[in-house]
Amino acid sequence: MDATWDQWTWFIASWLLHCSWMVLAAGFVFAVGTLCLRNRNASLRYRWSVCCLGLVSVCIPTASMMAYQPQPASVKPIASVVSATNDDPRSAASSSSVDGLKSKALPVSKAAVSDVGIASETIAADPSGLPSTHPLGVASEHPGDFLWVGNWVAIGYFTGLLVMLLRIQLAGMTCWRLISNARVANEPVLEIARRAANRLGIRQLPAIKVSQHVVVPFMTGILQPTVLLPASLITGLSASELQAVVLHELVHFRRHDHWILLLQRSVETFLFFHPVVWVISRSTERHREMSCDDQVLDVGVSNVTYAESLLQVAAFSAMRAPKTVVAAAGSRPSFLKQRIERIIDDSPADTFNDFAPRPVSGRPLVFMMAFAAMMLCAAFTVYGASVS
């Protein structure tokens, strides 16, 4: 059990280091591309963010292959070689000759006796006869001196991974419960959804349901996507405003954003420790919403009508404080203000800059310090033994 845990310790430490530099390289590519596309439309910037997200996801298996370095299969322990020799019938003849040589006195120097003693002590300390090597191929005379650092690195990573997995599990259970308790939308709402689907060229309409437990409209589900509409919006919005809201969600459905969101959450789960992952993820979320806004306007919806519908959604969500609240991505008041300003100005320029200087608050600072500490501990674990 200890040997298996030690192997996982070395593997996780090396995997973290490889992921760190590869994701940093992907972040550099993302930064260069984002700066080059800063004056282009939101749809193109969204596709670029998704491509960079896919590039980051490739780092996970690539780092695993780089971290895993098994011992060569051609190397066999001395004990197995000796056992095979004893079982060989051809060794019987040689053993008799060796017995005959025992009676003869052979001159042996003191240096040879000393060398034999040292070799026997080495074999006794390591029966395999091989140098002390940890599972990732870094040789060390005392690898156990560094395992305690790797143990804490592995425990910290697995703890964070468990928290992120629980986060996804709770979100999935919440969405499943909301879909189960929601009712199918009535015929007037379905007719509005059909007209919106025809304007977008969607042949098969996803499930449209109404829920009392949500405050903003959103689409959820992977295999069976469902658009959930707050019950308050059905009676509070006009037909044109409701159609603009439904159009926004159907754009997500047409572009298969639910699959991209699954990729995004998976990358966040396994690479939660890397700040670059969260920068790319935030950019993906914001450009996803802004590109949907642009496509809603492209099908002929008035920018004034669409802006009023977003304001109505924000007003209804602010009036309610239910126990179960599911907010769509990018629903913070500051970002909603930026979206409305883009819609009113009818400008494709991005008012949000991923690399704009911002005051460093306490939470990001603590996160950056924890990331630096984890990488230092992983480097100490992997490469510290090689210089001992």
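Everything in this summary refers to the structure shown in the same document. Owing to the predicted nature of the structure, the values given are computational and were not obtained by experimental measurement. Here the residue numbering is sequential within each chain, running from 1 through the sequence in written order. It should be noted that, the model being predicted, local features are given only for residues of pLDDT at least 70 and side-chain atom pairs only at 80 or more, the latter also being counted only at that level, while totals for whole chains, interfaces and linings use all residues. Hydrogens are left out, water is left out, and the side-chain values use all remaining heavy atoms of the structure.

1. Details of the pattern of salt bridges
For side chains bearing opposite charge, pairing can occur when the charged atoms are close. Rule in force here: One side-chain nitrogen of Lys or Arg within 4 Å of one carboxyl oxygen of Asp or Glu is enough to make a salt bridge. Helix and strand labels come from DSSP, where a helix needs a run of H or I of at least four residues and a strand needs a run of E of at least two; each type is numbered from the N terminus. A 1.4 Å probe rolled over the protein chains alone gives each residue an accessible area, and that area as a share of the maximum for its type sets the label: buried under 20%, exposed over 50%, partly exposed in between.
Summed over all chains, the structure comprises eight salt bridges. Put simply, Arg 194 and Glu 191 hold a salt bridge, and the shortest N to O gap is 3.3 Å. Here Arg 194 and its partner Glu 191 are both found in helix H7 (residues 187–200), three residues apart, which amounts to about one turn of the helix. For Arg 194, a relative accessible area of 34% puts it in the partly exposed group. Measuring nitrogen to oxygen at the nearest pair gives 3.3 Å for the salt bridge that ties Arg 265 to Glu 285. Here Arg 265 is found in helix H10 (residues 257–270), whereas its partner Glu 285 is found in helix H11 (residues 275–298), with 20 residues between them in sequence. Residues joined in a network through salt bridges with shared partners are Arg 167, Arg 265, Glu 268 and Glu 285.

2. Thoughts on H7
What counts here: Expected span of a helix, by definition, is 1.5 Å for each gap between consecutive residues, and there is one gap fewer than residues. Any two residues having at least one pair of non-hydrogen atoms within 4.5 Å are treated as being in contact. The definition of a polar contact used here is a pair of N or O atoms within 3.5 Å, where within protein one atom must be able to donate a hydrogen and the other to accept one, and adjacent residues in sequence count solely through side-chain atom pairs.
With 14 residues, H7 should reach 20 Å at 1.5 Å per residue; the first-to-last C-alpha distance of 20 Å fits that figure. Looking at the packing, one finds that the buried side of H7 touches strand E2 (207–211), strand E4 (226–230), helix H8 (231–236) and helix H9 (239–254). The N-cap residue of H7 is Asn 186: its side-chain oxygen and the backbone nitrogen of Val 189 are 3.2 Å apart. After H7 finishes, the residue Gly 201 shows a positive phi value of roughly 80°.

3. Things to note about the environment of Met 219
Tracing the chain through its elements places Met 219 in strand E3 (residues 218–220). The exposure class of Met 219 is buried, given its relative accessible area of 14%. The spatial distance from the C-alpha of Met 219 to the C-alpha of Phe 253 is 7.7 Å, given a sequence separation of 34 residues. Setting aside chain neighbours within four positions, we find Met 219 in contact with Pro 225, Thr 226, Val 227, Glu 249, His 252, Phe 253 and His 258.

4. Observations concerning a nonpolar patch on the surface
The criterion, for reference: Residues enter a patch when their relative accessible area is above 30% and they make no salt bridge; the linking distance is 9 Å between like charges and 5 Å between nonpolar side chains (Val, Leu, Ile, Met, Phe, Trp, Tyr). Values of accessible area rely on a 1.4 Å probe in the Shrake-Rupley scheme; residue burial ignores everything except the protein chains shown.
A surface patch of nonpolar side chains, amounting to about 350 Å² of accessible area, comprises Phe 28, Val 29, Val 32 and Leu 55. The element contributing the most residues to the nonpolar patch is helix H1 (residues 2–36), with three residues. Residue placement: Val 29 occurs in helix H1.

5. Here's the deal with the sheet that holds E2
Under the convention used in this document: The rule for pairing is simple: two strands pair if DSSP sees at least two bridges between them. Think of each axis as a best-fit line through the C-alpha atoms, taken over the contacting stretch in the case of a helix, with angles from 0 to 180 degrees between the N-to-C directions.
Pairing is mixed across the open sheet formed by four strands, whose spatial order is E1-E2-E4-E3. Looking at strand neighbours, the two that pair on one side only are strand E1 (183–184) and E3, the edges of this open sheet. Sheet analysis places E1 next to E2, joined by two bridges and oriented antiparallel. Bridging across to E2, Arg 183 finds its partner in Val 210. H9 contacts E3 and E4 of the sheet and is inclined by roughly 30° relative to E3.

6. Topic: the packing of H9 against helix H12 (residues 303–319)
To be explicit about the condition: Angles are sorted into four bins: roughly parallel if under 35 degrees, roughly antiparallel if over 145, roughly perpendicular if 65 to 115, and oblique for all others. Under this grouping Gly is polar, as are all residues other than the nonpolar Ala, Val, Leu, Ile, Met, Phe, Trp, Tyr, Cys and Pro and the charged Asp, Glu, Lys and Arg.
Where H9 meets H12, the axes come as close as 9 Å, and the angle between the chain directions of the two elements is 85°. The angle between the axes of H9 and H12 places the two elements in the roughly perpendicular class. Within the contact between the two elements, H9 uses Ser 240, Glu 241, Ala 244, Val 245 and His 248 and H12 uses Thr 305, Tyr 306, Glu 308, Ser 309, Gln 312 and Val 313. Grouping the constituent residues of the contact of H9 with H12 by class yields four nonpolar, five polar and two charged.

7. Side note on H12
In a regular helix each residue adds 1.5 Å, so 17 residues correspond to 24 Å; H12 covers 24 Å between its end C-alpha atoms and thus fits that length. Put simply, Ser 302 is the residue that caps the front of H12, since its side-chain oxygen is 3.4 Å from the backbone nitrogen of Val 304.

8. A word on the packing of aromatic side chains
Applicable threshold: Planes of paired rings set the category: under 30 degrees apart is stacked, over 60 is edge-to-face and the rest tilted, where pairs are Phe, Tyr or Trp rings (Trp by its six-membered ring) whose centres lie within 6.5 Å.
Summed over the entire model, instances satisfying the criterion amount to six aromatic pairs. Their ring planes at 70° and their centres at 6.0 Å tell us that Tyr 157 and Phe 273 sit as a pair that is edge-to-face. You can see Tyr 157 sitting in helix H6 (residues 144–181) and its partner Phe 273 sitting in the loop between H10 and H11, a full 116 residues away along the chain. Within the aromatic cluster, the residues linked to one another by ring pairs are Trp 15, Tyr 157, Phe 158, Phe 272 and Phe 273.

9. Brief notes about the nonpolar core
Our working definition: As used here, the term nonpolar core means buried Ala, Val, Leu, Ile, Met, Phe, Trp, Tyr and Cys residues forming a set that is joined through side-chain atoms within 4.5 Å.
In terms of nonpolar packing, the biggest core is built from 40 residues, with Val 189, Ile 208, Leu 229, Leu 242, Val 246, Leu 250 and Tyr 306 touching the most fellow members. A per-element tally of this core places H9 first, with eight residues. Once residues lying within four places of it in the same chain are set aside, the contact partners of Tyr 306 are Ala 244, His 248, Asp 293, Val 296, Leu 297, Val 301, Arg 339 and Ile 343. Of all hydrophobic cores here, the second largest spans 28 residues; its members include Phe 11, Trp 15, Met 22 and Cys 52.

10. Digging into the environment of Thr 220
Structurally, Thr 220 is set in strand E3. For Thr 220, a relative accessible area of 10% gives the class buried. Spatially, the C-alpha atom of Thr 220 lies 7.0 Å from that of His 258, the residues being 38 residues apart in sequence. Other than its neighbours up to four places away in sequence, Thr 220 contacts Cys 175, Ile 179, Pro 225, Thr 226 and Leu 228.

In short, geometric facts, not functional conclusions.
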